Amino acid sequence: MDFRRALLASLGAVAPLACGAGSVLALQGHLYACATVMALVGVWAAARSLWSGHEPSWLPAPSPPTTDAIAAASELRIVRSLLDQTPAPLIIADAAGVLRAGNRAARALFGVDDRLAPAPPDLSAALGQSDPGRRLTVRLETEEGPHVYAVSIADLIDPRGPMRLAVLVDIQPEIRAAEAAALRDLMQVLSHEIMNALTPVASLAATARDLLRDEQSPAAALALDAVATLARRADGLTRFVEAYRTLARLPEPVLSPVSLCALLDETAQLFRGRWTARGVCLRLVKPSPDIHLDLDLDLMVHALANVLSNGAEATLAAGHDAPTVTLTAQNRDGGARLTIQDNGPGVRSADQETIFRPFFTTKPAGSGVGLSFARQVALSHGGSLTLAL
């Protein structure tokens, strides 16, 4: 049987050549019909040989892969898969300075399939000038606004030439959390010291006001006005310091599984109870399917209500015919992304860097606490609150 198969394989390889030679001889002898028949037979023999999986005998047979080659290829596939699943973006720079996305996280961050064009100037400078092993930071624009990344750089040896690998780690949440913690510590000290000094002033001003009310002289009347003004200012400062304490005493969140849709429904109910009568419409877009998140429901509802109220006030102040605030929730990588929009005039460019600072406000009667409080709640849950432009 093996001899027969070998013979058939040999004939399958030789037949096209023989038929081709015979066709050429027939043409030289002006035997056109024979030439045509032999050519067709040669084509049929060649096609049958290929269809049967037989390689022509004059081609060298491919050598089977070795065990080491198979293992190396398997390891390479595993390494590539692991790098692609790495949450930290990987950037590769070649000798010409061209930057390419090295994994899925990098492609998502920069919105490219391969080459970064144009490459962020700060990142290019870091890869071109920094020493391997040195750790530095760069500021990059993302869909959530500017983010600071820690960058670790290593040199690679590649047959195509020298390359550099940059590993990016988003440290923006840690920076914001550190800023929030430092701010709380500062506010605790300030509120304690200010209240200690302010309390006796307010008390003495109230006492002096009560004593001067029975005096009828012009001087007493002037003194009464001055003391009354002092008492009012002391009360105002007391309320201001209490706002400090609100931020400084932000409790640690008590986490428990909460339905995202339930969070949205409770927030919407609270918002509509305050703003529907004033003509503001809330448009709610729920996620599908619903998910459960570990969070502090009371803190999160309070934080969302602050941001929604800020949008309601903005759209009312703009005099819009149909003031509307939209709250959209989307499932995202095991968590959620909440987006709040309003049809007001937007945040002025001069205020975009300061709206989350404590006590910054553009409203005459605003305290400047709402957005700062909401950001601290988001940070305490491992998230963030940013202004999307």
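Residues numbered from 1 in each chain as written. Predicted model: local features only at pLDDT ≥ 70, side-chain atom pairs only at ≥ 80, totals over all residues. Heavy atoms only, no water.

Caption draft 1: How the structure looks around the overall build of the protein chain. On a plain count of helices and strands, the protein chain comes out with 10 helices and 10 strands. By residue count, 31% of the 389 residues in the protein chain fall in the buried class. Sequence separation of 24 or more characterises 56% of the internal contacts of the protein chain that already satisfy a separation of 6 or more. Looking at the protein chain as shown, the accessible area adds up to about 24400 Å², and 59% of this sits on carbon and sulfur atoms. (Helix = DSSP H or I, 4+ residues; strand = E, 2+ residues; numbered from the N terminus. Buried < 20%, exposed > 50% of the residue type's maximum accessible area, 1.4 Å probe, protein only. Contact = heavy atoms within 4.5 Å. Areas by Shrake-Rupley, 256 points an atom, 1.4 Å probe, with all protein chains shown as cover.)

Caption draft 2: Unusual backbone geometry, seen in detail. With an omega dihedral of 0 degrees, the bond running from Ser288 to Pro289 counts as a cis peptide bond. You can see Pro289 is positioned in the loop between strand E7 (281-285) and strand E8 (292-295).

Caption draft 3: Representation of the packing of helix H8 (residues 260-275) against helix H9 (residues 297-317) in the model. Relative to each other, H8 and H9 sit at 40 degrees, their axes nearing to 9 Å. The angle between H8 and H9 falls in the class oblique. Helix-helix and strand crossings are classified by hand; for H8 and H9 the assignment is right-handed. Between H8 and H9, the contacting residues are Leu263, Glu266, Thr267, Leu270, Phe271, Arg274 and Trp275 on the first element and Leu297, Met300, Val301, Leu304, Ala305, Leu308, Ser309, Ala312, Glu313 and Leu316 on the second. (Axes fitted to C-alpha atoms, helices over the stretch in contact; angles between N-to-C directions. Parallel < 35°, antiparallel > 145°, perpendicular 65-115°, else oblique. Left-handed = near helix turned anticlockwise from the far one by under 90°.)

Caption draft 4: Representation of H8 in the model. Across its 16 residues, H8 extends 22 Å between first and last C-alpha, which sits within 8% of the 22 Å expected from 1.5 Å per residue. Along H8, the positions that sit buried rather than exposed are Leu260, Cys261, Leu263, Leu264, Thr267, Ala268, Phe271 and Trp275. Considered in projection along H8, the buried side chains sweep an arc of 150 degrees and stay on one side of the axis. What points out from H8, more than 90 degrees from its buried face, is the exposed set Gln269 and Gly273. Among the structural elements, strand E6 (256-259), E7, E8, H9, strand E9 (324-332) and strand E10 (335-342) are those in contact with the buried residues of H8. (Expected span 1.5 Å × (residues − 1). Arc of directions from axis to C-beta.)

Caption draft 5: Highlighting the pattern of salt bridges. Within the structure shown, the criterion is met by two salt bridges. Arg100 is paired through a salt bridge with Asp114; the nearest N and O atoms lie 2.8 Å apart. Of this pair, Arg100 sits in strand E2 (residues 99-101) while Asp114 sits in the loop between helix H4 (104-110) and helix H5 (121-129), and the two are 14 residues apart along the sequence. A residue is classified by how much of its surface remains accessible, and Asp114, at 36% relative accessible area, is partly exposed. (Salt bridge = Lys/Arg side-chain N within 4 Å of Asp/Glu carboxyl O.)

Caption draft 6: Examining the packing of H9 against helix H10 (residues 370-380) more closely. One can describe the packing of H9 onto H10 by two numbers: an axis separation of 9 Å at closest approach and a directional angle of 145 degrees. As H9 runs across H10, the sense of the crossing is left-handed. Here H9 contributes Leu299, Met300, His302, Ala303, Asn306, Val307 and Asn310 to the contact with H10, which in turn contributes Gly370, Leu371, Phe373, Ala374 and Val377. When its residues are assigned to classes, the contact of H9 with H10 shows eight nonpolar, four polar and no charged. (Nonpolar A, V, L, I, M, F, W, Y, C, P; charged D, E, K, R; others polar.)

Caption draft 7: Structural detail: the sheet that holds E10. Overall, mixed pairing links the three strands, which are arranged E7-E9-E10 in an open sheet. Single-partner strands in this sheet number two, and they are E7 and E10. The mean inter-strand angle of the sheet, taken between neighbouring strand axes irrespective of direction, is 15 degrees. Two elements, E7 and E9, share five bridges in a ladder whose sense is parallel. (Pairing = 2+ DSSP bridges.)

Caption draft 8: Quick peek at the side chain of Ser309. With respect to the helices and strands, Ser309 occurs in helix H9. Looking at Ser309, the relative accessible area reads 10%, which means it is buried. Reaching out from Ser309, the side chain makes a polar contact with the side chain of Trp275 at a distance of 3.2 Å. In this view, Ser309 contacts Phe271, Arg274 and Trp275; residues no more than four positions away in its chain are not counted. (Polar contact = N/O pair within 3.5 Å; in protein donor to acceptor, adjacent residues only side chain to side chain.)

Caption draft 9: Examining the nonpolar core more closely. Ranked by internal contacts, the top residues of the largest apolar core, which has 33 residues, are Leu263, Phe271, Leu282, Val325 and Val377. Residue assignment for this core shows that the elements contributing at least two residues are H8, E8, H9, E9 and H10. At eight residues, H9 tops the list of elements feeding residues into this core. Beyond its immediate sequence surroundings of up to four residues, Val377 is in contact with Leu250, Leu299, Met300 and Ala303. Judged by nonpolar contacts, the second largest core, of 18 residues, contains Val112, Leu123, Tyr149 and Leu168. (Core = buried A, V, L, I, M, F, W, Y, C linked by side-chain atoms within 4.5 Å.)

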